[in-house]
Amino acid sequence: MKLKVKNKNLERATNTEIDLMNFTLKYNKTNSYFKKEKSIPKNPLQHKIAAILVGMNYNWFQNSLTKEAIVNAKVKNKMYSVLYDKMKFEDWVLSEETKMIDGYTCFKAERKQLNNRTGKYMLITAWCTPDIPVPYGPVGEGGLPGLILQVNVGSFLFIATEITLNPNKNKVLLPKEKEKISNKKYSQLLRNSRKVTID
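Residues numbered from 1 in each chain as written. Predicted model: local features only at pLDDT ≥ 70, side-chain atom pairs only at ≥ 80, totals over all residues. Heavy atoms only, no water.

Looking at the pairing of strand β8 (residues 104-114)
- Where strand β7 (residues 93-101) and β8 come together, six bridges link them in antiparallel fashion. Across the sheet, residue Met100 finds its bridge partner in β8, namely Thr105.
- A loop of two residues connects β7 with β8, the two strands running antiparallel in sequence, and Asp102 in this loop sits at a positive phi of about 50 degrees.
- Pairing between β8 and strand β9 (residues 121-129): eight bridges, direction antiparallel. Across the sheet, residue Glu110 finds its bridge partner in β9, namely Thr125. (Pairing = 2+ DSSP bridges. Helix = DSSP H or I, 4+ residues; strand = E, 2+ residues; numbered from the N terminus.)

Laid out in structure tokens, this is it:
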């Protein structure tokens, strides 16, 4: 599945870099892999900032058996496997509201997610199709009874632009397993790595 991301609230230079971004979600019955495709940035620094803002400074992996969303991320010189609770079905509130996306009937689902940096909750709205019965989606979002074809994460909108149905042929790259930590622990390690002295 090919995806694009949109945001109307950022400055022009960042939006220009976001407009250049394309993403691919590959999946099979047990795993998915969501990555940003290579592109030539107009401004390399702004491109890196844009990737961080949309949550794509690392590739996302999902496992439908463990219900985990994982990124391999570095703090200082050490890599970690950071675990996110994004695939818990009970966190989603499904509705009967539907809309068509690329010829598929999609159902609306919402959940709230705590931002560890701000301490505030943000609303995540997803549109999934039971016609493709796998629990995956962009940027680690998942756990729904169908593939997520559109999701609003904060002010960012990820939307499918092309769907190719050959999951049995998809070779899903699995992450090299590192020390597993929670996303909360990861945020704490990042904060500590930027400090001169430890609290």
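Some thoughts on the pattern of salt bridges
- For the structure shown, the criterion picks out five salt bridges.
- A salt bridge links Glu179 to Lys78; its shortest N-O distance comes to 2.6 Å. One end of the pair, Glu179, is in strand β12 (residues 179-182); the other, Lys78, is in strand β6 (residues 78-84), and 101 residues separate them in sequence.
- Linking Arg111 and Glu141 is a salt bridge whose minimum nitrogen-to-oxygen distance equals 2.8 Å. One end of the pair, Arg111, is in strand β8; the other, Glu141, is in the loop between β9 and β10 (147-153), and 30 residues separate them in sequence.
- One network of salt bridges, with partners in common, ties together Glu97, Lys108 and Glu110. (Salt bridge = Lys/Arg side-chain N within 4 Å of Asp/Glu carboxyl O.)

Notes on the packing of helix α1 (residues 12-19) against helix α2 (residues 44-53)
- Where α1 meets α2, the axes come as close as 9 Å, and the angle between the chain directions of the two elements is 75 degrees. Taken as axis vectors, α1 and α2 run roughly perpendicular relative to one another. Contact residues: α1 offers Ala13, Thr14, Glu17 and Ile18, while α2 offers Gln46, His47, Ala50 and Leu53.
- Across the contact of α1 with α2, the residue classes tally to four nonpolar, three polar and one charged. (Axes fitted to C-alpha atoms, helices over the stretch in contact; angles between N-to-C directions. Parallel < 35°, antiparallel > 145°, perpendicular 65-115°, else oblique. Contact = heavy atoms within 4.5 Å. Nonpolar A, V, L, I, M, F, W, Y, C, P; charged D, E, K, R; others polar.)

As for the side chain of Ser81
- Mapped onto the secondary structure, Ser81 falls in strand β6.
- Overall, the relative accessible area of 3% leaves Ser81 in the buried class.
- In this structure the side chain of Ser81 is engaged in a polar contact, spanning 2.8 Å, whose partner is the side chain of Asn72.
- Discounting residues that sit within four places of it in the chain, Ser81 has contacts with Ile70, Val71, Asn72, Lys176, Glu177, Lys178, Glu179, Lys180 and Ile181. (Buried < 20%, exposed > 50% of the residue type's maximum accessible area, 1.4 Å probe, protein only. Polar contact = N/O pair within 3.5 Å; in protein donor to acceptor, adjacent residues only side chain to side chain.)

Overview of α2
- Of all the residues in α2, the buried ones are Gln46, His47, Ala50 and Ala51. Viewed along the axis of α2, the buried residues span an arc of 140 degrees, placing them on a single side of the element. Away from its buried face, by an angle of more than 90 degrees, α2 presents the exposed residues Leu45, Lys48 and Ile52.
- In this fold, the buried residues of α2 make contact with α1 and β3 (31-36).
- The backbone nitrogen of Leu45 lies 3.1 Å from a side-chain oxygen of the residue at the head of α2, namely Asn43. (Arc of directions from axis to C-beta.)

Quick notes on the state of the cysteines
- Applying the stated criterion across every chain, the model contains zero disulfides.
- Unpaired in terms of disulfides, Cys106 finds its nearest cysteine sulfur in Cys128, a separation of 7.1 Å. (Disulfide = S-S within 2.5 Å.)

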